[in-house]
Every structure is written in C-alpha cells, then in structure tokens.
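As a plain string of letters, each chain reads:
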Amino acid sequence: MLSGFDILLIIAALTVLICGMLKRYRLWRRGKPQSLDGNNKTIRLGKVIKSVLGHQKVLEDIYGGIAHLFIFWGFIVPLLLVVIGQFRTVVDPAWAQWGSLLLDILGMLALTGTGMMLYKGLKDGRGKKEDHLIHLWTLLAILITGFLAEGTRLKIVETNFPYNLLSSPVGFAISYLMPASPLLLKLMIRSHFFLVLFFIGGLPFTVMRHAIAGTMNLYYQELEPQGIIEHLALEGERFGTGKIDDFTWKNLLFTDACMSCGRCERSCPAFISGQPLSPRIVVRELGKRMAETHAIAPLDIYEQIRLVNEDGAFGGENIWCCTTCLGCVESCPVLVKHPDIIVGMRRHAVLTEATLFPSEYKKVFKNTEIFGDTLGKGSLFREDWALNLNVKRIYNDPKVEMLFWVGCMGALYDERTRNKTVKACRILEKAGVDFGILGKEERCCGDSARRMGNEYLFQELARQNIQTLKKYNVKKIVTFCPHGFHVFKNEYPQFGADFEVLHFTQLIKILLDEGKLKIQSKLDGLFTYHDPCYMGRYNNLYKTPRDLLDALLISDLKEMAHSKKGSFCCGAGGGNFWRVRVVGRRMETLRIEEAIGTNTSGVITACPFCEIMLESAANQKGMEYSYKVVDIMELLDQAIR
Amino acid sequence: VRVVVCIKQVSHIYYPLAIDVSGKQLDPEKLVFMLNPYDEIALEQAARIKECYGNCEIVAVTLGLSPSEEILRYAFAMGADRMIRIDFESTDAWLTSLVLAHVIKDMEYDILLCGKKAIDSNAGQVGSFIAELLQLPQVSRIVGLKLFPEEKKAIAERYLGKGDRQLVECSLPALFTAEEGLNDPRYPPLGRRLMAEKENLEVIKMEFPEAHFDNEMDLTNFMSLSPPRPKPKKTFAPDSSLSASERMKMIMVGGITEKKSELLEGKAEDISRRIVEVLELEKII
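Notes on the structure in this doc start here. (Residues numbered from 1 in each chain as written. Chains lettered and ligands numbered in written order. Predicted model: local features only at pLDDT ≥ 70, side-chain atom pairs only at ≥ 80, totals over all residues. Heavy atoms only, no water.)

With 45 residues of chain A in contact, the opposing surface of chain B contributes 36 residues. Summing both partners gives a buried area of about 3500 Å² for chain A against chain B, and 62% of it is carried by carbon and sulfur. Counting only elements with at least two residues in the side of chain A that touches chain B, the list comes to helix 15 (338-353), helix 16 (359-371) and helix 26 (608-620) of chain A. Top element by residues in the side of chain A that touches chain B is helix 16 of chain A. It accounts for nine residues. When its residues are assigned to classes, the side of chain A that touches chain B shows 21 nonpolar, eleven polar and 13 charged. (Contact = heavy atoms within 4.5 Å. Buried area = accessible area lost by both parts, 1.4 Å probe. Helix = DSSP H or I, 4+ residues; strand = E, 2+ residues; numbered from the N terminus. Nonpolar A, V, L, I, M, F, W, Y, C, P; charged D, E, K, R; others polar.)

As structure tokens, then:
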C-alpha cells in the first residue's frame, strides 16, 4: 500500500513531467503562430485513437511496429492495473488470477519489445551518437525488477503449485532462482516503483516525449491532401526559415514528436542513394538547436541560431537533395512533415540569403522570369509542336469545354515529350473531347520554382496563369504532368483559383467508362508501373492508372517492391531535375535497377519527368533497346488506333 | 568609392525570323526585354566592390523610356543605391554616349562600369565613347579587377582571347567594360526586390544635344531589316545517356557544338569533376 511519502513521490514525478512538458511547450510556442482549424474534432480524435491505440501506422514497419506495440500495451495496461489495484484492496481471486496472468504475459511481451528496440538501437550505434537510450534501459530495469519482485513474492508466499503456474508462469519460474528474502522483495518492489516514477518524470527529457508531442501532432494533423506548401506572404526583408523563431510552432512540435525511429531514412530516396540528406537528422538537429537556444538565454531574448549555413545538417548540398517525394511523410508514424521544414529553409536560402543555393538554379530562375519556362526557350516555342496540327488555341476559340495544359516538359523539352503531347491530342480528338490549348499564353506552372524555394517566382507565375485562365473563363483543366496537376488542384486555390483539374489518366478512365473511347487492341508485353510521387502520395491516384493499364494490357502488371505508397522517387522532384548531383548514386539508376529486377520488358509511368529520368538511367545502363520506359499515353495511343 | 554603372534594357530575339510581315520592324511577340547580361556582370562587380569597401555608393544609369525602369529596379535589387533613368531614346552609340557622358559628368565617381556590349546591337562602342568624352582611362573586356582606392589606382585583367590575359594598371577614376567571366551575377534577394518597387527613381529629361552634330547624317540611320542568312543547321543531339540536368544544360546553351565559356562554381572537387565531364563530352580525353 502507498504511504504518504510515496504519494509525495508520485506528485513530484508528475510535477516534473508537467513542468518538463510545459518547458517544451514554451519552446514550441516560440515558433510563429499557425492557425489550425479546430473543426472536425471527431475525425481528428478518431485518427488519434487509430494511430495511438491501434498502432495503424506504427505497424507498417513490422520489426519496430511490433516492438512498439508490445512495449506500449505492456506498459500501459500493467500501469493501469496496478493503479486500480491501489484503490481496490479486495479482489475476487478468480479475477486476480486472470489479472496476474495478463500482467505476466504483457510483461513478457514488453520485455521482448524492449529487447528488440535496444538491439536495434545498439546495432545502429545510435546509443552512442545523438540519442541516448536511457529510456529503454529504464524500461528494461522496470520490467526486470518487476519480474524479480514477483518471483521473490511467490517464493515467500508459497501458494499451491498449479495455481502459481497458471496465474504467473514467469514469476513461478523465477521463484526457483530467488531466495525467500522479504528484504529482497521489499528492495525489488521499491526499485520497481522508483524506476517507474523516474521513467514518467523523465518523459519530457528523452525522445520518450514523443508519447505526448506525437499524440498532439497526430491530433493537429492537416486533413487536406498531403504535401501542400504553405503560402508565404511576400512582405518585409526576411523570408522562409533561417532561424529557429521563423518556424511555425507546428514545425517545432515536429522535432519533439520525432523519436528518431529512422523510417523516414529508410524511405528517403536521397538517403538511400547516398546523398548527404537524412530527414531524420534534419528534424533531430532542428530540435537540438531549438533546445540550445533556450538553454543559453532567458525566455524573451533568445539568441537566435542561424540555420541555413554552409555546413552541418542544413547547409551545403543537404537540403537541396530532397526531391519532395513525401516518402518520409508517408512513412512517419507521427506525421512529421519533413518537406515543410526543408522547403522553409530553401526559401530562406533563395529569397533572403540569395546565395546559398545551387548555382544551376540561378539560370533556371532567370529563365523562368524572362522567358516563362524553366528551359529558357520562350513562349512562342510552346506552340511549335502543334504547328501542323488542328488544335484549337484558346485565344482564338475561348468557348472550348476543356483546357489541355501542356506544360514546359510537354511543349518544350525534347522530341519525345513533344511527340507525347501530339499523341495526347490525338487521343482527345478521337474521344471527341472539345479541348483547346493556351499555346503561347501558357507559362510555367511554378511547381519546381516553389519547391526550390523561390516562392516569389511561383506566386508571380500563379497569378499570371490564373489571370490568363480566368480571362478565357476556363473551368476544366486536364494535364498529363502530375506536377502541374498537383499545383493546379491543390496549391493554386491559395490564390483564388477554383478549376476542376483532372489528370490525363483520370480523364481517359472516364472516357473509357462512358464508351467514348474504345480500346481496339490490347497490348502485349509484361510491364511494371512506376508511381509518380505527385500522383500517388500527393493525390492518392494509385488505382486509376492501374485500372487503365488493366484495360490496356493483356498481361497483368508486375509490381515493384517499392510501389504505391512506398514508391521510390525517380529523382526529379523538388528542383533536382536541374541540379548537378555529384555525390552518391543516382536515384533514377536505383529505380530502373529495381524495375529491371522484376523481369519485365519495360516500365510504365505517367509523368514526363519520371519518363525522362528513367529513360536516361536505362540508356546509361546500355539498355535503351532491351528495356523500355514508356508513358501511359504512348501505350494508349497504340491501343486505340 | 563611388561607382556608376551604365545599363541597358535589351530586346532579345528568342524566336527565329523575328521580322514582322511589314518587313520594317521586329515582331514584339518574338522579343523578350531583359537586362543586358554584360551589364548584369558590371552590376555584380559594383555590388562586390560595395561589399568589399563598405562605404560605397552605386548609381545605376539607363537611357530609355519608362519600360526600362524595370531593369533599374532589378539593378537596385542587385545592390545599386540610386536609380537614374534618362528619358531619351537613342539607337546610335555616339548619341547614347553623349547623353550618358553629359549626365555622368556632373556626378562624383571613382569607377565607371559598363558591359562590354549590348546583346541586341552588338556594337560594343558606348563604353569607349563615354571614356573618350569624359577623358578617362578605359580598360575594355576585363575579367578581373583589383582596386586600390587610397592610391587612386586599379589593376585590371583584360581578356585577349584564347586564354591570354593582359594586366593593366590605371589611375582612378576610370572606365571598365565587363566581359563574361568577371564574376557570376547573383540572384537578387527578394527583400531588396520589394524595396526596389517602392524606391524613388530619378528621371532626367534630355534634349537632343544638337550642338554636337553638324547634321543628321552623323548618326547611324536605320535603313531596313532583313532576315538572317540561314545558318548551317545545328541540330541538338540529345544523348539520352546523359543525366537530365546535363541535357537541360545542353538545351539551354543550344547543343554541344556551340562553344561557350562557362563559369564553374563550388568546391574544388566538384569543379574538377565537372571539368573532366566536359572534356569527356568534347571527346578530348
């Protein structure tokens, strides 16, 4: 039973917990305010329950997920049982027996889980580096002292044999090793108790704070489609996040929600291909600096740490390696949004410092500013592919039903992408769709500029494009570039656009269902499908292209190991298309190797960027004739003829 | 140190056959207006001088009608402190130089910077003419510049072609015209861009300086426009085994057949790697 002293200790531990968390809370609140819609409370709560109690996302990684599940339930339930036990002294023996058995099993599971976690932590060498594993060692000690106490108790009490075995088999086994010493029992119980208090009080001071911060982060998650980049007001002299105080409080909350599990690393194409970026270290480092600034100054006058610098986790090449593929976000169990942090710092580098970005980007920015496309060709070239085609230009026929947004890649890049555009037009014509193109009035959609950190350029382009589109009263847009698709659909509404945006595959699916388009001959060949990030993870378009391919191909698709949500980026996103990469392997090479490994004759994709990247990788391997990289549109064009 | 930079808004023809149906003028749709790239290099040099000596004023001067204010604001974003537009239109290098020299004469300056030429007229005369009119020493096509403001002198590195350089020492004030390779112009920070929008811009009205001309014939006259002789066709051969960024670069510079100087930036390791890549691409090694 609890003595007054024990209660004091419990109160002390809880006070330490609360004060510690409040301190963290003050750290977060240093960030800029970010309005969160407090609506949808039930949906949010439901998501939290699913994620926290049900381990929905945690279990996606089997090893870590199971270990976490064991520890979570092996800690929470016994704790609750023991707490309840303190209030109810008389318990029905049958219940007590079941309770004891449950405690034993859960304790064993928790022990297994802790062991698994410790093994992994020590193997990664993480215990020595940035995070200590004290929370895991404490857990281990709690569990061991618990079992030892149980064993000693059983030795002393010596109840009848089968009852012991059934109610607490582990304790029973241990009891053979323990002396019948009441002193030892007392010692074990006390140390068990103290360790639990130590663990609870220490929660805010180790990565275990993720239990609270992570839950908060889950509750305050954004319910809109993923990957939307926050609007930046272009006022003042400093833009983006160059100092700790520039981050939103949500971004700072991320750093405490992260428990350094490393899933983001395992799904980060930049990390896997050996480039100097680890989303985990970005978040951890940010958290470290957040705490550092707090330690050296009183609350109001923080010494601010300049974040974007030449070296370290944020400087040099690191933040530019991110392809904004959302692989990390998709795999993160507490929904940390690493690209938000990275794009914020890129904005600072491009807009405020204006020097600390790859020099290749300078040319891209200037080209886009002067010529309106990333390639620096000029707006009239945007119609060149349509010279001999009977395609309506919207400035001549403003009454068309649908706008076909061609985009920089489709209109300008090279012979093949331009041919693809022609094929797309042929398909639309065949289906009798009343469509037009903007031609020379089209500008770059600005996706790359935004993700390279040049928010100014993006907003200029977005305003210009929206103005043009509104001028011709465009309602429906179809595009075959997933990047344009995403920006039009999800990011242009920040500037007052409300168009109905379809990806080409979606439109074709509708046309096929309506019977306006008929597949004449199914195509031969065994293919695999590469999910473009901006279709899949950004917009959840996994099923549509697959349905379409089912209808197009005779044989079934063969999926790669990285597919759907776990798709591996081709390496073009986030401005990396223009960046000269010198460190590590190329992402597209890794991806094409994976595709070749499926023993197929080709890989299908639905994004011009992916196609260019993968094609170059295949050619570099000397497989330009033996392994095909095809766009879904090229297949369709063959099939409907 | 006071620096005056003369800049020009050029009309760059980006689409073939830019002469319109009348045959008298260029089709505005096929032009883009931009800051002359060599002037941008000159501006960057001025900005670097400012960073180096601190107490420094940069004046950007341009000649033209109100649309050319755009480049002045860009110049401000790059680091200029004052923006002056001379409200005068001229297509003749001598006339332009006269007007510019007339305005600059009244200013205080230590260094005058110009681009080596404008990419639309390709004359490359204005810098030299201004130096002549103001009786200044002139070093053209510089790829390096060292200043000694206390001793009132400067050492400039001139580009002579084929890798040859000439070191020239001259007294200040002096005029320098910038060659590609002098520096790599910066991308202006957004804060200064927004400031430039609000900044006051000085406009100077100019009359035609008749005193300098005996008759109209002294000026270059616009006679007619003619389409260019068709060039030997340079096709871009996309070597698809190259990475996307390499191919992009090739598209942007117009294929590998074109010889163009390029400034490499970054760590020594990266630069050497790029050099080897280029040499391999050109089949030299």
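The subject of this paragraph is the pattern of salt bridges. All names here are of chain A. What the rule picks out here adds up to 62 salt bridges over all chains. Lys 509 is the partner of Asp 513 in a salt bridge, and the nearest nitrogen-oxygen pair spans 3.6 Å. Placement of both Asp 513 and Lys 509 in helix 22 (residues 504-514) is noted, with a separation of four residues, approximately one turn of the helix. Taking the relative accessible area as the measure of exposure, Lys 509 reaches 22% and is therefore partly exposed. Note that Lys 621 is salt-bridged to Glu 593, the shortest N-O span being 2.8 Å. You can see Lys 621 sitting in the loop between helix 26 and strand 8 (628-631) and its partner Glu 593 sitting in helix 25 (residues 587-596), a full 28 residues away along the chain. (Salt bridge = Lys/Arg side-chain N within 4 Å of Asp/Glu carboxyl O. Buried < 20%, exposed > 50% of the residue type's maximum accessible area, 1.4 Å probe, protein only.)

So, on to the nonpolar core. Phe 404, Phe 504, Phe 577 and Ile 604 of chain A are the most contacted members of the largest nonpolar core, which has 155 residues in total. Tyr 74, Met 83, Ala 154 and Ala 174 of chain B belong to the second largest nonpolar core, which has 37 residues in total. (Core = buried A, V, L, I, M, F, W, Y, C linked by side-chain atoms within 4.5 Å.)

Residues and elements named next belong to chain A. With respect to the helices and strands, Ser 168 occurs in the loop between helix 6 (161-167) and helix 7 (169-175). Overall, Ser 168 belongs to the buried group, its relative accessible area being 1%. With residues up to four places along the chain from it excluded, the contact list for Ser 168 reads Ser 100, Asp 104, Glu 150 and Leu 154.

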